[in-house]
Amino acid sequence: MAGIIPDSDSEDELPPGWEERATVDGCVYYVNHLTKGTQWTHPRTGKKKRVNGGYETARALALHGCLVIFACRSLDRAQEAIDKIKQERSAAKCLAFELDLQSLASVKLFADQFKRRFKSLNILILNAGVFGIAYSQTADGLETVFQVNHLSHFYLTLLLEKPLAKAAPSRVVVVSSESHRYANLKLESLDEDALSPPNASWYWSMMAYNNSKLCNVLFANELAERWKTKGICVYCLHPGNMVSSYISRNWWFYRILFAFVRPFTKSLEQAASSSVYCATANELGGITGLYVNNCFPCKPSAAAFNFQLSDKVWTLSCDIIKRLLPDNHELQ
C-alpha cells in the first residue's frame, strides 16, 4: 500500500499513524498502524538511529532548558547523545562527565569533580541499571547488579547532599521497577552476602535484579524520611512494563521474552515520561516519598514499607562503602 506523507516543518516529525519504538539493543524501528507494517528507517527522512531510555529523559529536560549533566562510563557515547540533542536545539546546555558505577572510587571522583564546578544541584536522576547478566564482580569485589543498580547510586546521592540542599527545593528521582515486588530480601536473614552474593552458587540473575530494585525503593523511602527537613524531595518510579531498551541484551532468553511482550510495552519516550514527571511536575512540590507508576502515585510492595528493612539496607550499604573506602568521611 502506498501513501502520501504530509508536509511538516520538522523533518523528524512522524506522519500520522506512525509510532517510534526500539528493539532490545536500542535500534529504533517505526510502526505504521495504518498498514500494520514496520521498518528500520524513518518514514520521512529515511534515516536510522539508536536510543536508550536515559537519553530520552535527558533529551526531554535539555529541550526544555535544563542544564543536563551526562554521567556516563563512555564519554564518546555521552558526546554522541549531546550532539543529537543539539541537532534538535542548538542552544541546549549539556555536559559530559565520566562515571563508572562499577567503581566506588569513580563515583567519588565524579562527585568531587561535580562539586568543584557546581555549587548546587536541582535534580538528581538515578536511572542506570543492568539486568540478566551472568555472575560477575566489580573492581570493588562486589556482585555487579547490586553495586551498579543500588550501591553506587546510594553512594553518589549521599556525596551530592550539599549541592542538592543548596538548591532546595530540589529533587532526587530513583528509577526502580515493579520487579521489586518479587524480591526475596528478608529482615531476619539480611546481610552483605544476601545483598551481594559472594559467588555464582548464591546467584540468580532475575532475583539479583528484583532485590536491587527493592533496594532502590527502600533507599528512596529511607532517604525521604532522613532528608525531609532539608527541602529535598525524593521520588521512586517504575518506568514501564519491560520497556524496550538495552536492559535485556545479556541473555538470549531475555531477548526472546522481551521480543514476545514488546507489543504490550512502552516506548522509550513513554518510559521517560514518569522520570520527567517526577523531576518537574509542579503538583509534586513539597511531597516526598512517593512511588510513581505511569505518572501516577501508587503503593509499592509491603516490603517497601518495612522501615526496619530500609534502615538495615542503609546501614549495610554504609558499612560496605566504609570497608572499601576507609578514608571516606562523608557517610552518615
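Residues numbered from 1 in each chain as written. Predicted model: local features only at pLDDT ≥ 70, side-chain atom pairs only at ≥ 80, totals over all residues. Heavy atoms only, no water.

Novice: Lay out the overall build of the chain with the relevant residues and their values.
Specialist: When you go through the chain residue by residue, the secondary structure sums to 10 helices and 10 strands. The proportion of buried residues among the 332 residues of the chain is 48%. Within the chain, contacts between residues at least 6 apart in sequence are counted, and of these 72% link residues at least 24 apart. Accessible surface, the chain as shown: approximately 16200 Å² in total, 53% of it carbon and sulfur. (Helix = DSSP H or I, 4+ residues; strand = E, 2+ residues; numbered from the N terminus. Buried < 20%, exposed > 50% of the residue type's maximum accessible area, 1.4 Å probe, protein only. Contact = heavy atoms within 4.5 Å. Areas by Shrake-Rupley, 256 points an atom, 1.4 Å probe, with all protein chains shown as cover.)

Novice: An account of unusual backbone geometry is requested, with residue identities and associated values reported.
Specialist: Look at the link from A168 to P169: it is a cis peptide, with omega at 5°. Position of P169 among the secondary structure elements: in the loop between α5 (161–166) and β7 (170–175). Although it is not a glycine, C295 sits at a positive phi angle of roughly 60°. Structurally, C295 can be placed in the loop between β9 (290–293) and β10 (296–298).

Novice: Give me the pattern of salt bridges: which residues, what numbers.
Specialist: Summed over the entire model, instances satisfying the criterion amount to nine salt bridges. Close ionic contact of K108 with D112 constitutes a salt bridge, the shortest N to O distance being 2.9 Å. Here K108 pairs with D112, and both are found in helix α3 (residues 104–117), just four residues apart, close to one helical turn. For D112, a relative accessible area of 22% gives the class partly exposed. E225 is paired through a salt bridge with K228; the nearest N and O atoms lie 2.8 Å apart. Assessed through its relative accessible area of 42%, E225 is described here as partly exposed. (Salt bridge = Lys/Arg side-chain N within 4 Å of Asp/Glu carboxyl O.)

Novice: Kindly report on the pairing of β9, identifying the contributing residues and their values.
Specialist: Of the strand pairs in this sheet, strand β8 (residues 232–238) and β9 are connected by four bridges, and their pairing is parallel. Bridging from a neighbouring strand, H238 pairs with N293 of β9. Summarising the sheet, β9 and β10 pair through three bridges and their orientation is antiparallel. Looking at the pairing, N293 lines up with F296 of β10. Between the end of β9 and the start of β10, which pair antiparallel, lie two residues, with N294 showing a positive phi angle near 60°. (Pairing = 2+ DSSP bridges.)

Novice: Give me the lowdown on the environment of A71, citing residues and values where you can.
Specialist: Locating A71 in the fold gives a position in strand β4 (residues 67–72). Residue classification places A71 among the partly exposed residues on the basis of a relative accessible area of 36%.

Novice: Explain helix α10 (residues 307–324) residue by residue, including any values.
Specialist: Taking 1.5 Å per residue as the helical rise, α10 with its 18 residues ought to reach 26 Å, and the 26 Å between its terminal C-alpha atoms agrees with that figure. If you follow the buried residues of α10, they end up packed against α3, α4 (144–159), α6 (192–195) and α7 (205–226). Of the residues flanking the start of α10, the one acting as N-cap is N306, its side-chain oxygen 3.1 Å from the backbone nitrogen of Q308. (Expected span 1.5 Å × (residues − 1). Polar contact = N/O pair within 3.5 Å; in protein donor to acceptor, adjacent residues only side chain to side chain.)

Novice: Mind laying out the state of the cysteines, listing which residues take part and the relevant values?
Specialist: Summed over all chains, the structure comprises zero disulfides. The structure places no disulfide on C66, whose sulfur is separated from the nearest cysteine sulfur, that of C94, by 9.8 Å. By relative accessible area, which is 27% here, C66 ends up partly exposed. Looking at C295, it has no disulfide partner, and the nearest cysteine sulfur is the one in C278, 7.4 Å off. In this structure C295 comes out as partly exposed when scored by relative accessible area, which is 26%. (Disulfide = S-S within 2.5 Å.)

Novice: Would you mind going over the side chain of S317 in detail, with residue names and values included?
Specialist: With respect to the helices, strands and loops of the structure, S317 is situated in helix α10. Contact partners of S317, with chain neighbours within four places excluded, come to H150, L151 and F154.

Novice: Break down the sheet that holds β8 for me, citing the residues and quoting the values.
Specialist: Spatial strand order, β6-β7-β8-β9-β10: five strands in an open sheet with mixed pairing. The strands lining the two open edges of the sheet, one partner per strand, are β6 (123–126) and β10. Sheet twist, expressed as the average angle between the axes of neighbouring strands with direction ignored, equals 30°. As defined by bridge partners, β6 adjoins β7 across four bridges and the pair is classed as parallel. By the bridge assignment for β7, I125 is matched with V173. (Axes fitted to C-alpha atoms, helices over the stretch in contact; angles between N-to-C directions.)

Novice: Can you explain the nonpolar core? Please cite residues and give values.
Specialist: L156, L160, L164, V172 and L223 are the most contacted members of the largest nonpolar core, which totals 56 residues. Counting only elements with at least two residues in this core, the list comes to α3, β6, α4, β7, α7, β8 and α10. Beyond its immediate chain neighbours, meaning those up to four positions away, V172 contacts L124, L126, T157, L164, L223, W227, I232, C233, V234 and Y235. Core analysis: the next-biggest nonpolar cluster, separate from the first, contains 25 residues, Y55, F70, I85 and A92 among them. (Core = buried A, V, L, I, M, F, W, Y, C linked by side-chain atoms within 4.5 Å.)

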